[in-house]
Amino acid sequence: MPRTGKPFSVRMTNCGPLGWVSDRAGYRYQATHPETGRPWPAMPAAARRAWTELAGCPAEPEACLVNLYAPGTRMGLHQDRDEAEFSAPVLSLSLGATALFRYGGLSRSDPTRSVRLSSGDALVIGGPSRLIFHGVDRILPADLLAPMTGPVLPEAVAAGGRLNLTLRRVSAIRPA
Ligand SMILES: O=C(O)CCC(=O)C(=O)O
Ligand SMILES: [Fe+2]
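Residues numbered from 1 in each chain as written. Chains lettered and ligands numbered in written order. Predicted model: local features only at pLDDT ≥ 70, side-chain atom pairs only at ≥ 80, totals over all residues. Heavy atoms only, no water.

By the naming in an unreviewed UniProt entry, the protein chain is Alpha-ketoglutarate-dependent dioxygenase AlkB, taken from Methylobacterium frigidaeris.

Printed below as a string of structure tokens:
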């Protein structure tokens, strides 16, 4: 995290041409993994397809942030504003355990509501809502989940964990 250098409780990685990274210096997008110096892996085809079908944005997504929530982890209320192009939405895809997702308005002090994001849910944060405050209050215990059929998560995700993919356009879209 900026200033402290401590890790977030939510584990993160990226795929696609650009990845969102944070360290003592702050937050930024970059084309390579900060430790290995290697490019991020390609975005899964299913995620790119979801962008084409749901984002309503002709430009390609450039970054896919992968958040891994172990049971007991959360993400504080924040805005996604490290991108240079706010006309493109953030497309969020949820897998695994259900999250209690909180969202409010364009000011931190605006009233908030919460909604459950379950495995397979897609959420578009865009248009006039592109800069709303949002976060994850908690990951619901597995016994509250609807029964899931088949393996939905990689083995590396602990039981009761959640994966969230956010696809983003990072750089300004050039007029055609
Ligand atoms: O995990 C989620 O549903 C939200 C993730 C998020 O807000 C972010 O990565 O910026
Ligand atoms: Fe966010």
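Attention now goes to the sheet that holds strand S5 (residues 75-78). One open sheet holds the 4 strands; their spatial order is S5-S10-S7-S8, and the pairing between them is antiparallel. Strands at the two margins of the open sheet, each flanked by one partner only, are S5 and strand S8 (113-117). Between one strand and the next, the sheet's axes are offset by a mean angle of 25 degrees, whatever the strand orientation. Where strand S7 (residues 99-103) and S8 come together, 5 bridges link them in antiparallel fashion. Residue pairing in the sheet places Tyr103 in a bridge with Arg113 of S8. (Pairing = 2+ DSSP bridges. Helix = DSSP H or I, 4+ residues; strand = E, 2+ residues; numbered from the N terminus. Axes fitted to C-alpha atoms, helices over the stretch in contact; angles between N-to-C directions.)

Let us now look at the packing of aromatic side chains. Applying the stated rule across the entire model yields 1 aromatic pair. Aromatic pair Trp20 and Tyr27: ring centres 5.0 Å apart, planes at 20 degrees, arrangement stacked. When its relative accessible area of 15% is taken as the criterion, Trp20 is described as buried. What makes Tyr27 partly exposed here is its relative accessible area of 42%. (Phe/Tyr/Trp six-rings, centres within 6.5 Å; stacked < 30°, edge-to-face > 60°. Buried < 20%, exposed > 50% of the residue type's maximum accessible area, 1.4 Å probe, protein only.)

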